[in-house]
Amino acid sequence: VPAVDGRVVIEEIRRGRFARLSWDMRLVDGTSERGEATFDRWCERSCEAPRFLRGRAAPTCGPADGPAWRFELTEDEAFPGCGGELPAPTLEVTVFDELEDGMAGRLFEVGGFGLDSGSVRLCDESGCVDAFEGTIEVIFFARGEVAIVAYQVILEDGREVVGETEVTGWCEGDAVCG
């Protein structure tokens, strides 16, 4: 229900740590609402995350030198091509396991190091920031054709990155692991 009038007060703010707000509103339906909220996630830069439209995939090695897949995602709608850096911002999503051709619905946890885990890194003009928690889902994987990758992560700087990207660029290579 929309508010007719009222006020929001910043009760306390500790930069980089938290903010506490209170409000007192008169709503359109004649009722009123009072409340208080504490926000404990802080964004040093903009909290807005880019939208990643396309990407390229390549086999790689995971942190334990086992098989992995890297998906490099970009805002650009065109195929990013193989080799070279992508224009910023980019989102690098890596899953630490082999993916079977034709598989669907596999979930990976960000922050772990075993099978069913992965990593996410956002790079923009001001540098790169890793995710410290969240999930990656490989919704569909057809090697050499298409992969659909979903991600919901919280970066070390407090930003949340949520999205789903269709990957149609394939950069085959030999990732010799182990």
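Above: the structure in question.
Right, let's walk through the structure included here. Not measured: the values here are computed from a predicted model.

### Digging into the state of the cysteines
Within this structure, the stated rule accounts for three disulfides. What pairs with Cys61 in a disulfide is Cys177, and their sulfur atoms sit 2.0 Å apart. On the S-S bond that ties Cys61 to Cys177, the torsion sits near -95°, and the link is left-handed. Separated by 116 residues along the polypeptide, Cys61 in strand E4 (residues 54-61) and Cys177 in the segment after strand E12 (169-170) bring together distant segments of the chain. Classification of Cys177 by relative accessible area gives partly exposed; the value is 26%. The disulfide partner of Cys123 is Cys128, and the S-S distance across this bridge is 2.0 Å. With the S-S dihedral at roughly 110°, the linkage between Cys123 and Cys128 falls on the right-handed side.

### With respect to the nonpolar core
Core analysis: the biggest nonpolar cluster contains 27 residues, and Phe71, Leu91, Val93, Leu99 and Phe141 have the highest contact counts within it. Sequence-distant contacts of Phe71, that is, excluding residues within four places in its chain, are made with Arg56, Ala57, Leu91, Glu92, Val93, Val95, Leu99, Phe141, Ala147, Val149 and Val167.

### Regarding the packing of aromatic side chains
Scanning the entire structure with this criterion turns up three aromatic pairs. Judged by centre distance (5.9 Å) and plane angle (75°), the rings of Trp69 and Trp170 are edge-to-face. One end of the pair, Trp69, is in strand E5 (residues 67-74); the other, Trp170, is in strand E12, with 101 residues separating them in the sequence. Each member of the pair Trp69 and Trp170 is classed as buried.

### Description of the environment of Glu125
Within the fold, Glu125 resides in the loop between strand E8 (117-124) and strand E9 (127-142). Exposure remark for Glu125: the relative accessible area of 67% places this residue in the exposed category.

### Observations concerning the pattern of salt bridges
A side chain with one charge may pair with a side chain of the opposite charge, provided their charged atoms come close. Inspection of the entire model under this criterion finds nine salt bridges. For Asp5, the salt bridge goes to Arg26, with nearest N and O atoms at 3.1 Å. Pair noted here: Asp5 is in strand E1 (residues 3-14) and Arg26 is in strand E2 (residues 18-27), with a separation of 21 residues, a long-range link. Classification of Asp5 as partly exposed rests on a relative accessible area of 38%. For Arg70, the salt bridge is made with Glu92, and the minimal N-O distance between the two is 3.5 Å. With Arg70 in strand E5 and Glu92 in strand E6 (residues 90-95), this residue pair connects regions lying 22 residues apart in the sequence.

Definitions and cut-offs
Residues numbered from 1 in each chain as written. Predicted model: local features only at pLDDT ≥ 70, side-chain atom pairs only at ≥ 80, totals over all residues. Heavy atoms only, no water. Disulfide = S-S within 2.5 Å. Helix = DSSP H or I, 4+ residues; strand = E, 2+ residues; numbered from the N terminus. Buried < 20%, exposed > 50% of the residue type's maximum accessible area, 1.4 Å probe, protein only. Core = buried A, V, L, I, M, F, W, Y, C linked by side-chain atoms within 4.5 Å. Contact = heavy atoms within 4.5 Å. Phe/Tyr/Trp six-rings, centres within 6.5 Å; stacked < 30°, edge-to-face > 60°. Salt bridge = Lys/Arg side-chain N within 4 Å of Asp/Glu carboxyl O.

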